[in-house]
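Okay, here's what each chain looks like letter by letter:
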Amino acid sequence: MSTLTKPNHIGRKISCIRELRDMKQEALAQALGISQQTISTIENSETIEEEKLAEIAKALGVTVEAIKSFLEENMISYFNSFHDNSINNGHFGNNNHYTFNPLDKLMETFHEKEKLYERLLQAEKDKIEYLEKLLNK
């Protein structure tokens, strides 16, 4: 069953909050003193021990309750209604006002990855060309 269909999938909630905080898995891993692979495992886990969840919440700058009550489906309306500070309720630990559209952010990330892929592909083509020149000599 997909994690998107499980509303209480705590790992997916952590992943969404981390992404909304514009934090990479590596940065969260470093803050917690664990590996990026462990973060990946956590984000794929349906449940997490309370002690570990508290550590993650602290590293993300949110409360445990904010993670537990986070609803991915409400993310867009949550950010679109950020005009009212009372919505924040202190769950995110500060009064950041996010003014980005999550879909725009998603597309921006996609384009960045696409550019990276193109650069990596070009680097591989350059390597092949160089190796072919060496073979022909």
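Note that this is a predicted model, so its numbers are computed, not measured. Position numbers for residues count from 1 along each chain, tracking the sequence in the order it is written. Confidence filtering applies because this is a predicted model: local features only for residues at pLDDT of at least 70, side-chain atom pairs given and counted only at 80 or more, and all residues used for totals across whole chains, interfaces and linings. Remark: hydrogens and water are excluded; side-chain values derive from all non-hydrogen atoms of the structure.

Digging into the environment of Gln 36
Turning to step 1, where the next piece is worked out: Comment: elements are numbered from the N terminus, with helices defined as DSSP H or I runs of at least four residues and strands as E runs of at least two. By secondary structure assignment, the location of Gln 36 is in helix α3 (residues 36–43).
Turning to step 2, where the next piece is worked out: Each residue is placed in one exposure class: buried if its accessible area under a 1.4 Å probe, protein chains only, is under 20% of its type's maximum, exposed if it is over 50%, and partly exposed if it falls in between. With relative accessibility at 25%, the residue Gln 36 sits in the partly exposed group.
Turning to step 3, where the next piece is worked out: In sequence terms Gln 36 and Gln 25 are 11 residues apart; their C-alpha atoms lie 5.7 Å from each other.
Turning to step 4, where the next piece is worked out: Residue contacts follow a heavy-atom distance rule, with two residues in contact if any of their heavy atoms lie within 4.5 Å. Not counting the four nearest positions on each side in its chain, Gln 36 is found in contact with Gln 25, Glu 26 and Ala 29.

Things to note about the confidence of the model for the chain
The predicted structure's coordinates, where accompanied by low pLDDT, should not be read in detail.
Turning to step 1, where the next piece is worked out: Known as pLDDT, the predictor's per-residue confidence is scaled from 0 to 100. Summary statistics for the chain give a mean pLDDT of 78 and a share of 72% for residues scoring 70 or more.
Turning to step 2, where the next piece is worked out: Across the chain, the element-wise mean pLDDT spans from 54 in helix α6 (residues 75–80) up to 94 in α3.
Turning to step 3, where the next piece is worked out: Overall, residues 1–5 carries pLDDT values under 50, and its contacts beyond four positions in sequence, including any with other chains, amount to 5 contacts.

Section: helix α1 (residues 10–20)
Turning to step 1, where the next piece is worked out: Of all 11 residues making up α1, 9 are buried, and the element is well covered by its neighbours.
Turning to step 2, where the next piece is worked out: Taken as a whole, α1 has its buried residues at Ile 10, Gly 11, Lys 13, Ile 14, Ser 15, Cys 16, Ile 17, Arg 18 and Leu 20.
Turning to step 3, where the next piece is worked out: Where α1 ends, the next residue or the one after it, Asp 22, has phi of about 60°, a positive value.

Regarding the nonpolar core
Turning to step 1, where the next piece is worked out: What makes a nonpolar core is a set of buried Ala, Val, Leu, Ile, Met, Phe, Trp, Tyr and Cys residues whose side-chain atoms join them at distances within 4.5 Å. Membership of the largest hydrophobic core comes to 19 residues, with the highest contact counts inside it found for Ile 14, Ile 56, Leu 60, Val 62 and Ile 67.
Turning to step 2, where the next piece is worked out: Listing elements by their share of this core, those giving two or more residues are α1, α2 (25–32), α3, α4 (50–60) and α5 (64–69).
Turning to step 3, where the next piece is worked out: Examining the composition of this core, we find that 5 residues originate from one element, α1, more than from any other.
Turning to step 4, where the next piece is worked out: If near-sequence neighbours (up to four positions away) are discounted, Leu 60 is found in contact with Ile 14, Ile 17, Arg 18, Arg 21, Met 23, Leu 28 and Ile 67.

Structural notes on the packing of α2 against α4
Turning to step 1, where the next piece is worked out: At their nearest, the axes of α2 and α4 sit 10 Å apart, and the two run at 115° to each other. For the crossing formed where α2 meets α4, the hand is right-handed. Seen from α2, the contacting residues are Leu 28, Ala 31 and Leu 32; seen from α4, they are Glu 55, Ile 56, Ala 59 and Leu 60.
Turning to step 2, where the next piece is worked out: Per-class residue counts for the contact of α2 with α4 are 6 nonpolar, no polar and 1 charged. Lines fitted to the C-alpha atoms define the axes, with helices restricted to the stretch that makes contact. Angles between their N-to-C directions range from 0 to 180 degrees. It is the rotation of the near helix from the far one that decides the hand of a crossing: anticlockwise by less than a right angle makes it left-handed, clockwise makes it right-handed. Three categories are distinguished: nonpolar for Ala, Val, Leu, Ile, Met, Phe, Trp, Tyr, Cys and Pro, charged for Asp, Glu, Lys and Arg, and polar for the others, with Gly belonging to the last.

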